[in-house]
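# Working through the structure, step by step
The primary structure of each chain is shown beneath.
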2 protein chains.
Amino acid sequence: MSETKEKIVALAGQLVRKKGFNAFSYKDISDPLEIRNAAVHYHFPAKSDLGTEVIGCELEKFAENVEKWKGLPEDKQIMKLVEVFQKHNKNGMVCLMGSLAPDFETLSAPMQKKLQQMGNEMLDWLAEKLEKGRRKKLLRFEGHAYDRALLIMTNLQSSLLLSRVLGPSVFNRISERVLKDLK
Amino acid sequence: MSETKEKIVALAGQLVRKKGFNAFSYKDISDPLEIRNAAVHYHFPAKSDLGTEVIGCELEKFAENVEKWKGLPEDKQIMKLVEVFQKHNKNGMVCLMGSLAPDFETLSAPMQKKLQQMGNEMLDWLAEKLEKGRRKKLLRFEGHAYDRALLIMTNLQSSLLLSRVLGPSVFNRISERVLKDLK
DNA sequence: AAATATACTTACTTATAGATAAGTAAGTAA
DNA sequence: TTACTTACTTATCTATAAGTAAGTATATTT
């Protein structure tokens, strides 16, 4: 991938997380990168292509993290996930799912599919860590691991959304409570 | 409020919840109501005015519900809240906060303020019901009631978002677990 | 009966969106 | 050296967005 193309994807990722997919335009990308609108279209003919790439990138990053965390005990791996969200919160960004899910109906089929893939992969990963962590007595919770994964994921996602509206401390209160509840 | 004006607000509310604030236009309102674009501008000079009214309406509806539920025990009142979200889920809609929070930065100051007000009122109400319900031994949970309110609110909010992406059963799994965790 | 307010319509403006066609400079490969 | 690719630019298109000015029909008030 050329340097410009990578810059476009990175900037688009930020814009999606800061303003939402339908609220940014190619101009928001071409202006800061000091290229023409058509240059963005050269790399990504349609906006949907750019959106799909942004989600793909996120999937890759998640896969890299999972690989990196592999050696850690399950409770620590989950803490690492929380830290990823914490970093987003610090930068005033919401997660991709939080940003794209509300506009889901307006997204192209490829974007919808990639977003589903992302959601499933993250939930499956989290459910597995929860289940293994519980078996090893590192974690404590009731019910199916997958249901618990859903609860934690939705807590993290919406904590970023609410933080934006009610102030960044909301994230900390939520993430601390989530981790305490698992002990 | 005139009949047309009410229809406009109702439809705008649906559009916000289905497509997001930045993804619908006055045409999406004027066409189905069989009026002209300018008629919508007559009632709501700027889109932001319409958005503010939509949130105001939601606040009123919430206040009415709270009044209606007043006699019930706290655990039942919380179940009523869950039912409101369930209804949204059935109609493929997300809640106002879930829809508007991602685009928060692109909203006008009055819309931002009203949204904050909405978030605070709902969280304060929920925290109070949790606290009272715990004191009466109707509910069981650890930590501050406000923190628990944050967790439950984010679960409900994001369950609607995730449901849209991964299928409507997600909402049921989450809401059931939320209620079980309080017993 | 005249004046005024309400609730619109017609007909427009301005701005911006996403997208495309055609061209070009620089590099690569046969 | 010719052919072709990559990575753009310039210039433009079409569609649509939000918004407005001016006119009109109807009902209400004075």
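Here goes a summary of the coordinates provided. (Residues numbered from 1 in each chain as written. Chains lettered and ligands numbered in written order. Predicted model: local features only at pLDDT ≥ 70, side-chain atom pairs only at ≥ 80, totals over all residues. Heavy atoms only, no water.)

### A look at the protein's contact with DNA strand C
How we decide: Residues are counted as near a molecule or strand when any one of their heavy atoms sits within 4 Å of it. Each polar contact in these results corresponds to two N or O atoms within 3.5 Å; when the atoms are within protein, one needs to be able to donate a hydrogen and the other to accept it, and residues that are neighboring in sequence are counted only if both atoms are side-chain atoms. Only DSSP runs of H or I reaching four residues or more are called helices, and only runs of E reaching two or more are called strands; each is numbered from the N terminus. When residue character is reported, Ala, Val, Leu, Ile, Met, Phe, Trp, Tyr, Cys and Pro are called nonpolar, Asp, Glu, Lys and Arg charged, and the others, Gly included, polar.
Around DNA strand C, 18 residues are found, and the nearest of them are Ser25, Tyr26, Asn37, His41 and Lys47 of chain A. Looking at DNA strand C alone, sugar and phosphate atoms form 69% of those within 4 Å of the protein. His43 of chain B is positioned such that a nitrogen or oxygen atom in its side chain is 3.2 Å from a phosphate oxygen of DNA strand C. A per-element tally of the surface near DNA strand C places helix α3 (residues 37-43) of chain B first, with four residues. Residue composition of the surface near DNA strand C, by class: nine nonpolar, six polar and three charged.

### Details of the interface of chain B and chain A
Accessible area lost upon the coming together of the parts serves often as the stated size of an interface. Quick note on the threshold: We call two residues in contact when some of their heavy atoms are within 4.5 Å. What counts as buried area is the accessible surface, traced by a 1.4 Å probe, that two parts surrender upon association, with contributions from both included.
Taken together, the contact pairs 42 residues of chain B with 42 residues of chain A. Summed over both partners, the interface of chain B with chain A buries about 3,800 Å², with 64% contributed by carbon and sulfur atoms. When the area that chain B buries against chain A is broken down by residue, the three leading residues are Pro102, Val165 and Arg177 of chain B, summing to 16%. The interface formed by chain B and chain A holds 16 residue pairs in polar contact (both at pLDDT 80 or more) in total. The element that contributes the greatest number of residues to the side of chain B that touches chain A is helix α8 (residues 145-166) of chain B, accounting for 15 residues.

### Some thoughts on the relation of the copies chain B and chain A
Let me state the cut-off plainly: Overlaid copies result from least-squares superposition on C-alpha atoms, with residues included only where pLDDT is at least 70 in both.
Once chain B has been moved 0.0 Å along the axis and rotated by 180°, it coincides with chain A to within an RMSD of 0.0 Å. On the angle and the small slide along the axis, the relation comes out as a two-fold axis.

### Details of the protein's contact with DNA strand D
The immediate surroundings of DNA strand D are formed by 18 residues, with Thr4 and Arg36 of chain A together with Asn37, His41 and Lys47 of chain B found nearest. Contacts to DNA strand D include Thr4 of chain A, whose side-chain N or O atom sits 3.0 Å from a phosphate oxygen. Between Lys47 of chain B and DNA strand D, the recorded distance is 2.9 Å, taken from a backbone N or O atom to a phosphate oxygen. Broken down by secondary-structure element, the contributors of at least two residues to the surface near DNA strand D are α3 (37-43) of chain A together with α2 (26-33) and α3 of chain B. Examining the composition of the surface near DNA strand D, we find that four residues originate from one element, α3 of chain A, more than from any other. Looking at the surface near DNA strand D, its residues break down into nine nonpolar, six polar and three charged.

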